Amino acid sequence: MIPRRRIPLAIADLREWILAPWLRGRAADDVARFESAFAERFGVKHAIAVASGRDALGLIVDGLGLRPGDEVIFPAYTLGELVPFLQARGLKLLAADVDPTTYNMTVDSVLKAWNPNVRAIIAVHLLGAPCDIAGLSQLAESRGIPLIEDCAHAAGATVGGRPLGSFGTAALFSLESNKALCAFGGGMLTTRSEAVATYARQQLATRARVEWPAMKKMAIKYLEELGVRSPLYGPLARFLFAGGRAGRFEQAYRRSNDRRRAPVAFSGLQARLAMRRLQAMDERHRRLDALWQQLAAALPDGFLPQQRNVVGVPVFYNFVARFSGDIRLLRQRALDAGLDLGIGSEVMDDCAALLGQADCPGAATVYRQAVLLPLYDGMTRRQLSKVLARLSGIVPPGLAGG
Ligand SMILES: *Cc1c(COP(=O)(O)O)cnc(C)c1O
């Protein structure tokens, strides 16, 4: 079975893991060093290491002084768990539809969702493709409200040569194992607002700096990854991802990850891992971008890859294309052929539907047709050819539209 994603395993990571308890004393220094390097790399005034992307978002929302009842414009197609997360703060989310080719919201769709009670805009650069962040930033400025940039997928992407994360009033990055900068958990909050930075630093000062939660999480991810690479993965994927079980498995998996996203301080181990990833980030993006182009160029009929470079220079997050045929049938055939694809909520969620809004046809289309194809760091040409061969085996020319 060719898995959807793989995490690169490295001896250097294991060394960091083993040394972590002994390097506890320099954790605060290592975190501060990583924060400075991050601020410089992304051209932002403040970069603050936090427990997760979500933690950053919560601190931003509270630091900006958003209150229960405030209305916030939110992307119609993004990570669904952010909806209850923000609703738990009493915010009223208004979905802005996405362009069905880029999967990103636009200035027009934000204006359509607009009303005078809107107090903030949250924009995401979906799957590493920059949204029209310059246009959105102008819009937010002209209305006198903050713009929050979700860069969870887009660390390293640029618009007009400027790094994403430097446009918004504040931005969030995720350092989860499946994101561009993997520290096996953790997140970054960046901002030019002194109020947000001060608020976040105050909140973080009360948290204990401990190494064990990050060590435990990394150990679990390594074991998971060894499982994905073992011969048992094939039968397991066929069982878990068949029919109705897939959705339930996805929910359970996300919940189990949530339990390991406790609001602790960023650890020294995470800072040292993230620092190394930051230095290697551009090179990683180049490798993955080349793979992305190869896969996009050779796809069988019926697939329309995401348009990623309409506004700026994208980075890799996942390879996603819309498929015009029956995606459930495609997935079943793929599993039978030893190819692990993601569909539906395994890609991203229709947040408009989650919010009970029926006026976002772009998000509905993308949600219904999105297929995530295997593409990951360390994938060889041979593996890529295998993906393509298996794919054309299950999608005969001309049948896709059926
Ligand atoms: C992963 C993700 C986040 C949150 O990051 P965590 O570190 O998992 O909390 C936010 N937005 C998007 C679009 C994401 O995919």
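Residues numbered from 1 in each chain as written. Predicted model: local features only at pLDDT ≥ 70, side-chain atom pairs only at ≥ 80, totals over all residues. Heavy atoms only, no water.

### What to know about the site of the ligand
Link 1 in the chain: If you check the shell around the ligand, you find 16 residues, and the closest are Gly53, Asp150, His153, Ser174 and Lys179.
Link 2 in the chain: Arg54 places a side-chain nitrogen or oxygen 2.8 Å from an oxygen atom of the ligand.
Link 3 in the chain: Contacts to the ligand include Lys179, whose side-chain N or O atom sits 2.8 Å from an oxygen atom.
Link 4 in the chain: The fraction of the free accessible surface of the ligand (380 Å²) that becomes covered by protein chains is 97%. (Near = heavy atom within 4 Å. Polar contact = N/O pair within 3.5 Å; in protein donor to acceptor, adjacent residues only side chain to side chain. Areas by Shrake-Rupley, 256 points an atom, 1.4 Å probe, with all protein chains shown as cover.)

### Points about the packing of aromatic side chains
Link 1 in the chain: Applying the stated criterion across every chain, the model contains 11 aromatic pairs.
Link 2 in the chain: An angle of 65 degrees between the planes, with centres 5.7 Å apart, marks the rings of Phe241 and Phe249 as edge-to-face.
Link 3 in the chain: By way of ring pairs, the aromatic residues Phe34, Phe38, Phe42, Phe173 and Phe266 are connected into one cluster.
Link 4 in the chain: The cationic tip of Arg41 hangs over the ring face of Phe42; the distance from NZ or CZ to the ring centre is 5.4 Å.
Link 5 in the chain: Geometry around Phe167 places Arg162 over its ring, the cationic atom sitting 4.0 Å from the centre. (Phe/Tyr/Trp six-rings, centres within 6.5 Å; stacked < 30°, edge-to-face > 60°. Lys NZ or Arg CZ within 6 Å of the ring centre and 35° of its normal.)

### Regarding the sheet that holds strand β6 (residues 147-150)
Link 1 in the chain: The 7 strands lie next to each other as β1-β10-β9-β6-β5-β2-β4, forming an open sheet whose pairing is mixed. The sheet is open, and its two borders are formed by β1 (46-50) and β4 (92-96), each paired with just one other strand. Direction aside, the axes of adjacent strands within the sheet are offset by 20 degrees on average.
Link 2 in the chain: When β1 meets strand β10 (residues 187-191), the two strands line up antiparallel, connected through 5 bridges. If you follow Ile48 over to β10, its bridge partner there is Leu189.
Link 3 in the chain: Sheet strands in contact with helix α3 (residues 53-63) are β1, β5 (118-124), β6, β9 (170-174) and β10, and its direction is about 165 degrees off that of β9. (Pairing = 2+ DSSP bridges. Helix = DSSP H or I, 4+ residues; strand = E, 2+ residues; numbered from the N terminus. Axes fitted to C-alpha atoms, helices over the stretch in contact; angles between N-to-C directions. Contact = heavy atoms within 4.5 Å.)

### A closer look at the sheet that holds strand β11 (residues 303-305)
Link 1 in the chain: Pairing is antiparallel in the open sheet, where 4 strands are placed in the order β11-β12-β15-β13. The open sheet has two edge strands with one neighbour each: β11 and β13 (342-343).
Link 2 in the chain: As defined by bridge partners, β11 adjoins strand β12 (residues 319-323) across 3 bridges and the pair is classed as antiparallel. Bridged to Pro305 within β12 is Ala321.

### Describing the pairing of β5
Successive residues of a regular strand alternate their side chains across the two faces of the sheet.
Link 1 in the chain: Of all the 7 residues making up β5, 6 are buried; the element is thus mostly covered by neighbouring parts of the structure.
Link 2 in the chain: Inspection of the sheet shows strand β2 (residues 71-75) paired to β5 by 3 bridges, in the parallel sense. Residue pairing for β5: Ile73 is matched across the bridge by Ile121.
Link 3 in the chain: Looking at chain direction, β5 and β6 are connected through 4 bridges and run parallel. The residue bridging Val124 from the neighbouring strand is Asp150, located in β6.
Link 4 in the chain: Following the backbone out of β5, through helix α6 (residues 133-143) and into the adjacent parallel β6, one traces a crossover that is right-handed. (Buried < 20%, exposed > 50% of the residue type's maximum accessible area, 1.4 Å probe, protein only. Right-handed = clockwise from strand over helix to strand, strands pointing away.)

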